[in-house]
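Chain by chain, the residues run as shown.
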Amino acid sequence: MKNLVLIFGLIVVTLSDTDAMRTVVREFDNRVPFLLVRVPSDPPIEILNLPSEQKVILDGELIARSINLQNDSYNNVPMRAPLVLQYDMDDSTFLDNVYAAFGRACQYEIGSINKNTLSRNFGI
């Protein structure tokens, strides 16, 4: 009788965990990987790379597959070289190009964002 109760309990736990796993998988499938680079300035320059969406976003306003900014300065920050970025660059090259353009140590974050949040914030 004890074995029957243990088996029944194991079946209930297994079935309930399956639904939880499906929920986690669905939430993971609904996420987009990103690289966020912040150049220290006032206000900071933020560049978001979304390779799976084929987008690079500069300061939340310029959204494109690539950016080729050839100015003397951007956002009152002097530029040492053109800012050349593409969505399909590897993270290291992306960071090197930002550093080459602004000549400042940058902060960066690698993570993922929910597709609904991305759509709400950037219309993507």
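Below is a summary of the structure that appears in this document. Note that the structure is a prediction, hence the values are computed from the model and not measured.

**What to know about the side chain of Asn 49**
Working step 1: Mapped onto the secondary structure, Asn 49 falls in strand β2 (residues 45–50).
Working step 2: Accessibility expressed as a relative area gives 0% for Asn 49, which makes it buried.
Working step 3: Within the structure, Asn 49 has its side chain in polar contact with the backbone oxygen of Tyr 87 (distance 3.4 Å).
Working step 4: Discounting chain neighbours no more than four positions away, the residues touching Asn 49 are Pro 33, Phe 34, Leu 35, Lys 55, Val 56, Gln 86, Tyr 87, Met 89 and Phe 94.

**Overview of the environment of Glu 53**
Working step 1: Among the structural elements, Glu 53 can be located in the loop between β2 and β3 (55–58).
Working step 2: In this structure Glu 53 touches Val 32, Lys 115, Leu 118 and Ile 124, once residues within four positions along its chain are discounted.

**With respect to the sheet that holds strand β1 (residues 31–39)**
Working step 1: Reading across from one edge, β4-β3-β2-β1-β9 is the order of the five strands in this open sheet, with antiparallel pairing throughout. The open sheet has two edge strands with one neighbour each: β4 (62–64) and β9 (107–114). Across the sheet, the mean angle from the axis of one strand to that of its neighbour is 20 degrees, orientation sign disregarded.
Working step 2: Sheet contacts for helix α2 (residues 91–102): β1, β2, β3 and β9; angle to β1, the most-contacted strand, approximately 25 degrees.

**Structural notes on the nonpolar core**
Working step 1: Ile 45, Ile 47, Leu 83, Leu 85, Phe 94, Val 98 and Phe 102 are the most contacted members of the largest nonpolar core, which totals 21 residues.
Working step 2: Elements supplying a minimum of two residues to this core: β1, β2, β3, β5 (66–69), β8 (83–86) and α2.
Working step 3: For this core, the leading source of residues is α2, giving five residues.
Working step 4: Sequence-distant contacts of Ile 47, defined by excluding residues within four places in its chain, comprise Leu 35, Leu 36, Val 37, Val 56, Ile 57, Leu 58, Leu 83, Leu 85, Phe 94 and Val 98.
Working step 5: With eight residues, the next largest nonpolar core counts Val 32, Phe 34, Leu 36 and Ile 113 among its residues.

So, how was this worked out
- Residues numbered from 1 in each chain as written.
- Predicted model: local features only at pLDDT ≥ 70, side-chain atom pairs only at ≥ 80, totals over all residues.
- Heavy atoms only, no water.
- Helix = DSSP H or I, 4+ residues; strand = E, 2+ residues; numbered from the N terminus.
- Buried < 20%, exposed > 50% of the residue type's maximum accessible area, 1.4 Å probe, protein only.
- Polar contact = N/O pair within 3.5 Å; in protein donor to acceptor, adjacent residues only side chain to side chain.
- Contact = heavy atoms within 4.5 Å.
- Pairing = 2+ DSSP bridges.
- Axes fitted to C-alpha atoms, helices over the stretch in contact; angles between N-to-C directions.
- Core = buried A, V, L, I, M, F, W, Y, C linked by side-chain atoms within 4.5 Å.

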